Amino acid sequence: PGEADVPLFQADWASIRLLGVDSACRGRGVARQLTEHCVELAKADRAGCIALYTSELMQPAQKLYRSLGFQIHSALPARYGIRYWLFVNKLRA
């Protein structure tokens, strides 16, 4: 399989595939509320963890994810010279 065919998330993980906030709405807590809602949905589904990927270009998002309990799980292959990481939030031990 090619690089794009390699699954990033384990089958039993909840995941956030894409989360974006319009620039006119940034700084109002919208991203936090959306991410918290995704975490709550994952908990309701009894997922053991929730995962997402992010890049070095997304420093404010990484700060938000860390504040909500996400941690770097692994580095992902760089794309177009940009570094990426897989973040995971373990919802239960």
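Residues numbered from 1 in each chain as written. Predicted model: local features only at pLDDT ≥ 70, side-chain atom pairs only at ≥ 80, totals over all residues. Heavy atoms only, no water.

(A) Focus on the sheet that holds strand S1 (residues 14-16). Read from one edge of the open sheet, 4 strands run S1-S2-S4-S3, paired in mixed fashion. Unpaired on one side and paired on the other, S1 and strand S3 (71-79) mark the two borders of the sheet. Averaged over all pairs of adjacent strands, the angle between their axes in this sheet comes to 25 degrees, without regard to strand direction. (Pairing = 2+ DSSP bridges. Helix = DSSP H or I, 4+ residues; strand = E, 2+ residues; numbered from the N terminus. Axes fitted to C-alpha atoms, helices over the stretch in contact; angles between N-to-C directions.)

(B) Examining the packing of aromatic side chains more closely. The tally for this structure, following the rule as stated, stands at 3 aromatic pairs. Among the aromatic residues, those joined into a cluster by ring pairs are Tyr-65, Phe-70 and Phe-87. (Phe/Tyr/Trp six-rings, centres within 6.5 Å; stacked < 30°, edge-to-face > 60°.)

(C) Expanded view of the nonpolar core. Core analysis: the largest hydrophobic core is formed by 15 residues, its most contacted members being Ala-42, Ile-50, Leu-52, Tyr-65, Phe-70, Phe-87 and Leu-91. Mapped onto this core, the elements with two or more residues apiece are S1, helix H1 (30-44), strand S2 (49-55), helix H2 (59-67) and strand S4 (82-90). The dominant element in this core, judged by the number of residues it contributes, is H2, at 3 residues. Here Tyr-65 is in contact with Thr-35, Leu-52, Thr-54, Phe-70 and Phe-87, once residues within four sequence places are set aside. Core analysis: the second largest hydrophobic core is formed by 7 residues, Phe-9, Trp-13, Cys-49 and Ala-51 among them. (Core = buried A, V, L, I, M, F, W, Y, C linked by side-chain atoms within 4.5 Å. Buried < 20%, exposed > 50% of the residue type's maximum accessible area, 1.4 Å probe, protein only. Contact = heavy atoms within 4.5 Å.)

(D) Structural view of the side chain of Thr-35. Structurally, the position occupied by Thr-35 is in helix H1. With relative accessibility at 0%, the residue Thr-35 sits in the buried group. If we ignore the near neighbours within four places in the chain, the residues touching Thr-35 are Ile-16, Leu-19, Leu-64, Tyr-65, Leu-68 and Phe-70.

(E) View of H1. With 15 residues, H1 ought to run about 21 Å at 1.5 Å a step, and its terminal C-alpha atoms sit 21 Å apart, in line with that. Where H1 is concerned, the buried positions are Thr-35, Val-39 and Ala-42. Buried residues of H1, seen end-on, are gathered within an arc of 60 degrees and therefore sit on one face of the element. Along H1, the residues that are exposed and aim more than 90 degrees away from the buried face are Gln-33 and Ala-44. In this fold, the buried residues of H1 make contact with S1, S2, H2 and S4. Where H1 ends, the next residue or the one after it, Arg-46, has phi of about 60 degrees, a positive value. (Expected span 1.5 Å × (residues − 1). Arc of directions from axis to C-beta.)

(F) Quick peek at unusual backbone geometry. Positive phi outside glycine occurs at Arg-46, with the angle close to 60 degrees. Inspection of the secondary structure assignment puts Arg-46 in the loop between H1 and S2. The phi dihedral of Tyr-80 is positive, around 55 degrees, even though this residue is not glycine. Within the secondary structure, Tyr-80 sits in the loop between S3 and S4. Accessibility expressed as a relative area gives 81% for Tyr-80, which makes it exposed.

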